[in-house]
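# Understanding the architecture of this molecule
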Amino acid sequence: MSAQAKELVRSHLAHADGEQEMTREQREFYRERIKEKLQARDAVMVAHYYTDPEIQALAEESGGCVADSLEMARFGKEHPASTLIVAGVRFMGETAKILSPEKRVFMPTLEATCSLDIGCPEDEFAAFREQHPDRTVVVYANTSAAVKARADWVVTSSIAVELIEYLDQRGEKILWAPDQHLGAYVRDKTGADVLCWDGACIVHEEFKARGVEDLKAAHPGAAVLVHPESPASVVAIADVVGSTSQLIKAATEMPNDTFIVATDKGIFYKMQQLAPEKTFIEAPTAGSGATCRSCAHCPWMAMNGLENTLAVLQDENGCGQEIFVDPDLARRAMVPLDRMLDFGKNLKR
Ligand code: SF4
């Protein structure tokens, strides 16, 4: 990541505070009020696997969904509710709005962002793109609407390998942004000509291969599950590399009773729910005493709390936390997003 992008990430992190601890009674109070308000406002919650367990449980109990970013986008588009409450990070809210322009889309806080999104500003990305006019531009979902609008394809980690394989077979050279680790992973898996932007996820980048190896030695029967936003050295020792949904699937289907998991620990809620008899262990990072501000939990995902979710639902204008995307920008960003959704649908068939 460039020094400028790192500085931007640092300044955003200064505002990334989660909610204060609540008592059981307080949490119960908030949960019930939120459910009432969701009904009253014809709203549905769409939450990411990395949000806090409390938020994921609430989304499920109230008829919403907990999913990866591709499925969140699909669910929000297809659900009949007129209002979406997107518990995740900003690019997910923007994607929901682009796919469902007729709906009102709110987030518990618009300050919840992503180091990949911040680390790929539109003007710098446009200049990078202009230097390589011969390449097909593929951007990860974790980008702003403005960056998506400049892409040929949008992709999520659940279909990244398949899409790059497909483009490679058509003889296309790829310009990939913004996650360098995922880009390197798909290049390695497909042999395609992939030129990467140098962005990174501050959560996954902190996982350490040495720590994972030590943990594996202590738990010889454990399988190692790794998200491909992690460094290549961690990916290299994985038993399974995949998107959040693919890792959850592996956790439920593999015969192992213990798993070392290198992704945001919010995912443990769903893994534990689907495989309650199994043990899930957080893959080691450098630790809170080092540079790690995230330590296996995204500080921006953690900003989605009960208090700000209720506040947004109680106020007609959502306390100013509504997502708006310029219609012309949305129209342009829709083109690569639509390609992604169609490609994903065809893969499922
Ligand atoms: S976990 Fe990483 S990729 Fe996901 S939202 Fe947080 S910073 Fe972005």
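What counts and how
Residues numbered from 1 in each chain as written. Predicted model: local features only at pLDDT ≥ 70, side-chain atom pairs only at ≥ 80, totals over all residues. UniProt positions renumbered as here; feature names shortened; annotations may be inferred. Helix = DSSP H or I, 4+ residues; strand = E, 2+ residues; numbered from the N terminus. Buried ≥ 20, exposed ≤ 12 C-beta atoms within 10 Å, placed from the backbone. Arc of directions from axis to C-beta. Pairing = 2+ DSSP bridges. Right-handed = clockwise from strand over helix to strand, strands pointing away. Contact = placed C-beta atoms within 7 Å. Axes fitted to C-alpha atoms, helices over the stretch in contact; angles between N-to-C directions. Domains from an automatic or database assignment. Nonpolar A, V, L, I, M, F, W, Y, C, P; charged D, E, K, R; others polar.

Per an unreviewed UniProt entry, the protein chain goes by the name Quinolinate synthase and belongs to Alcanivorax xiamenensis. The Catalytic activity (unreviewed entry) field of the UniProt record for the protein chain holds the comment "iminosuccinate + dihydroxyacetone phosphate = quinolinate + phosphate + 2 H2O + H(+)". Checking UniProt for the protein chain, the heading Pathway (unreviewed entry) contains the comment "Cofactor biosynthesis; NAD(+) biosynthesis; quinolinate from iminoaspartate: step 1/1."

Bringing unusual backbone geometry into the picture now. Note that the residue after Ala177, namely Pro178, is joined by a cis bond; omega there is -5 degrees. Within the secondary structure, Pro178 sits in the loop between β7 (174-177) and α10 (180-190). If you check the backbone angles, Asp42 has positive phi at about 50 degrees while not being a glycine. Looking at the element boundaries, Asp42 is found in the loop between α2 (24-40) and β1 (43-48).

Attention now moves to helix α9 (residues 160-169). Among all positions of α9, only Ala160, Val161, Leu163, Ile164 and Leu167 are buried. All buried residues of α9 lie within an arc of 165 degrees about the axis, which places them on one face of the element. Phi for Gly171, located one or two positions after α9, is positive at around 80 degrees.

As a further point, take the pairing of strand β12 (residues 279-282). Taken together, the four bridges between strand β11 (residues 258-262) and β12 define a ladder with parallel strand orientation. In the strand pairing of β12, Ile260 is matched with Ile281. Running through helix α14 (residues 268-274), the crossover from β11 to the neighbouring parallel element β12 is right-handed.

Read from one edge to the other, the open sheet built from four strands follows the order β10-β9-β11-β12, with strand pairing classed as parallel. The strands lining the two open edges of the sheet, one partner per strand, are β10 (240-241) and β12. Taken together, the four bridges between strand β9 (residues 223-226) and β11 define a ladder with parallel strand orientation. Across the sheet, Val224 pairs through a bridge with Ile260, a residue of β11. Helix α11 (residues 209-218) rests against β9, β11 and β12 of the sheet, and its axis sits at about 175 degrees to β11.

A separate point is α10. Residue pairs three or four apart in sequence face the same way in an α-helix, which turns once every 3.6 residues. For α10, the set of buried residues is Gln180, His181, Leu182, Gly183, Tyr185, Val186 and Thr190. The positive-phi residue at the C-terminal boundary of α10 is Gly191, with phi of around 75 degrees.

So, about the UniProt feature "binding site: iminosuccinate" (unreviewed entry) in the protein chain. Here the UniProt feature "binding site: iminosuccinate" (unreviewed entry) sits at His48, Ser69, Tyr140, Ala141, Asn142, Ser157, His227, Pro228, Glu229 and Thr244. Considering the arrangement of structural elements, one finds Asn142 in the loop between β5 (136-140) and α8 (145-148). Asn142 sits in the buried class, given 30 other C-beta atoms within 10 Å. If we ignore the near neighbours within four places in the chain, the residues touching Asn142 are Phe91, Cys114, Leu116, Asp117 and Asp179. Within the secondary structure, Glu229 is located in the loop between β9 and α12 (232-235).

Now for the domain arrangement of the protein chain. The domains assigned to the protein chain are domain 1 (3-113 + 300-325), domain 2 (116-201 + 329-348) and domain 3 (204-282). Listed as interface residues are 17 residues of domain 1 and, on the opposing side, 17 residues of domain 2. Sorting the residues of the side of domain 1 that touches domain 2 by element identifies α1 (3-13), α4 (69-78) and α5 (90-99) as the ones contributing at least two each. Sorting elements by how many residues they give to the side of domain 1 that touches domain 2 places α5 first, with six residues. Of the residues assigned to the side of domain 1 that touches domain 2, the class counts are nine nonpolar, four polar and four charged.

Turning to the sheet that holds β5, a few remarks are in order. Overall, parallel pairing links the four strands, which are arranged β6-β5-β7-β8 in an open sheet. Pairing within the sheet leaves two strands with one partner each, and these edge strands are β6 (153-155) and β8 (194-196). Each strand axis lies, on average, 30 degrees off the axis of its neighbour in the sheet, ignoring direction. Pairing of β7 with β8, which is carried by three bridges, proceeds in the parallel orientation. In the sheet register, Ile174 faces β8, and the bridge partner there is Val194. Packed on one face of the sheet, α10 meets β5, β7 and β8 and runs near 170 degrees to β8.

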